[in-house]
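One-letter residues, chain by chain:
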Amino acid sequence: MNGIKITSEDKFSIYQPPSEQPVAVVPDGTTCIDVARNVVQRSKHEQDWDESFFVCDVGWILDQNKRWKKELPRVEVYYAVKANSLQPVISTLAALGCGFDCASKNEIAMVLNYGVSNDKIIYSHPCKFTSHILFAKDKGVDTMTFDNEEEIYKLKEFYPEARLVLRLRVKDNGARTKFGDKFGASLEYSKDLVTKAIKLKMNVVGVSFHVGSGCPSIDSFATAIKDSRRIFDFARELGLQF
Ligand SMILES: Cc1ncc(COP(=O)(O)O)c(C=O)c1O
């Protein structure tokens, strides 16, 4: 929103954090389109009047959070920062007590800057740079994913106390963006990985999966959860309680 300044003469009451991404409290019934029109109207006389901008309804985040807590009270949210890392989104989620799914050192650093505690962050890239692992270690972000043997060795060397989360490859039929070709261990390979991790005395604490972005299939979720159960059971047979 560079160049667009919202002033308090307007009918909206404005809170302007230092990041130049203003948050406005608007009257009931105001839509995102109303806000966009309002910004366009006021920016006509500004120097950078032709710059693009985004409008985000933070109220919708609050509603979705309420809905989540009602429908899935036992499931904690870890918001994937990559989806939208704009300041109003992250600070709203942080204020709601959400956790964060960070794919890189930069995302971890950004979320920590919002005052989020390290135990609310999962480092979700299954193939991490060593320097990024060391950064996570330095910041006490100890929960991280893996989907290959090399990563276990790397973590054994650089962060042996890490809490490992195995990323499973799951069915992602019909998803708009599929991740199965890129990330995730097959069910069989996952068992090898759990066995290997135990041998190396690494602490595997759970399983993660991604059914693909924009996944329309409830079946994909159901299958992924069933596969996760299988890995939980397999680990238990080896004496590991996820
Ligand atoms: C671990 C993880 N979480 C979340 C996301 C974001 O997924 P979505 O686009 O469904 O929000 C990705 C995408 O790459 C991911 O790899």
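Residues numbered from 1 in each chain as written. Predicted model: local features only at pLDDT ≥ 70, side-chain atom pairs only at ≥ 80, totals over all residues. Heavy atoms only, no water.

## Regarding the overall build of the protein chain
Link 1 in the chain: Broken down by element type, the protein chain carries eight helices and eight strands.
Link 2 in the chain: With the C-alpha coordinates of the protein chain rotated into their principal frame, the extents come out at 65 × 40 × 30 Å.
Link 3 in the chain: Sequence-distant contacts, at least 24 apart, represent 51% of the contacts inside the protein chain between residues at least 6 apart.
Link 4 in the chain: Looking at the protein chain as shown, the accessible area adds up to about 14400 Å², and 53% of this sits on carbon and sulfur atoms.
Link 5 in the chain: Each charge class in the protein chain was averaged separately, 33 positive and 32 negative side chains, and the resulting centres sit 5 Å apart. (Helix = DSSP H or I, 4+ residues; strand = E, 2+ residues; numbered from the N terminus. Contact = heavy atoms within 4.5 Å. Areas by Shrake-Rupley, 256 points an atom, 1.4 Å probe, with all protein chains shown as cover. Lys, Arg positive; Asp, Glu negative; His and termini not counted. Charge placed at Lys NZ, Arg CZ, Asp CG, Glu CD.)

## Structural notes on the pairing of strand β8 (residues 203-209)
Link 1 in the chain: Here six bridges tie strand β7 (residues 163-168) to β8, and the two strands are oriented parallel to one another. By the bridge assignment, L166 is partnered in β8 with V207.
Link 2 in the chain: A crossover links β7 with its parallel partner β8, the connecting element being helix α7 (residues 187-199), and its sense is right-handed. (Pairing = 2+ DSSP bridges. Right-handed = clockwise from strand over helix to strand, strands pointing away.)

## Structural notes on a nonpolar patch on the surface
Link 1 in the chain: The grouping of W68, L72 and V75 at the surface amounts to a nonpolar patch, some 250 Å² of accessible area in total.
Link 2 in the chain: Looking at the element boundaries, V75 is found in the loop between α2 (58-71) and β3 (78-80).
Link 3 in the chain: The class of V75 is partly exposed, set by a relative accessible area of 43%. (Patch = residues over 30% accessible without salt bridge, like charges linked within 9 Å, V, L, I, M, F, W, Y side chains within 5 Å. Salt bridge = Lys/Arg side-chain N within 4 Å of Asp/Glu carboxyl O. Buried < 20%, exposed > 50% of the residue type's maximum accessible area, 1.4 Å probe, protein only.)

## Observations regarding unusual backbone geometry
Link 1 in the chain: The phi angle at K201 is positive, at roughly 60°, despite the residue not being glycine.
Link 2 in the chain: Mapped onto the elements of the fold, K201 is located in the loop between α7 and β8.

## Structural notes on the site of the ligand
Link 1 in the chain: By nearness alone, every residue bordering the ligand is listed as A80, K82, D101, S124, R167, F179, H210 and S213.
Link 2 in the chain: A distance of 3.2 Å separates a nitrogen atom of the ligand from a polar atom in the side chain of D101.
Link 3 in the chain: The side chain of H210 places a nitrogen or oxygen atom 2.8 Å from an oxygen atom of the ligand.
Link 4 in the chain: Here the ligand loses 69% of its free accessible area of 400 Å² to cover by the protein chains.
Link 5 in the chain: Residue classes in the shell around the ligand are distributed as two nonpolar, three polar and three charged. (Near = heavy atom within 4 Å. Polar contact = N/O pair within 3.5 Å; in protein donor to acceptor, adjacent residues only side chain to side chain. Nonpolar A, V, L, I, M, F, W, Y, C, P; charged D, E, K, R; others polar.)

## Concerning the state of the cysteines
Link 1 in the chain: If you walk through the whole model with that rule in mind, you get zero disulfides.
Link 2 in the chain: Among the cysteines around C56, which has no disulfide bond, C32 carries the closest sulfur, lying 7.3 Å off. (Disulfide = S-S within 2.5 Å.)

## Let's talk about the domain arrangement of the protein chain
Link 1 in the chain: Per the domain assignment, the segments of the protein chain are domain 1 (13-43) and domain 2 (125-237).
Link 2 in the chain: Between the C-alpha centres of domain 1 and domain 2 the distance comes to 41 Å. (Domains from an automatic or database assignment.)

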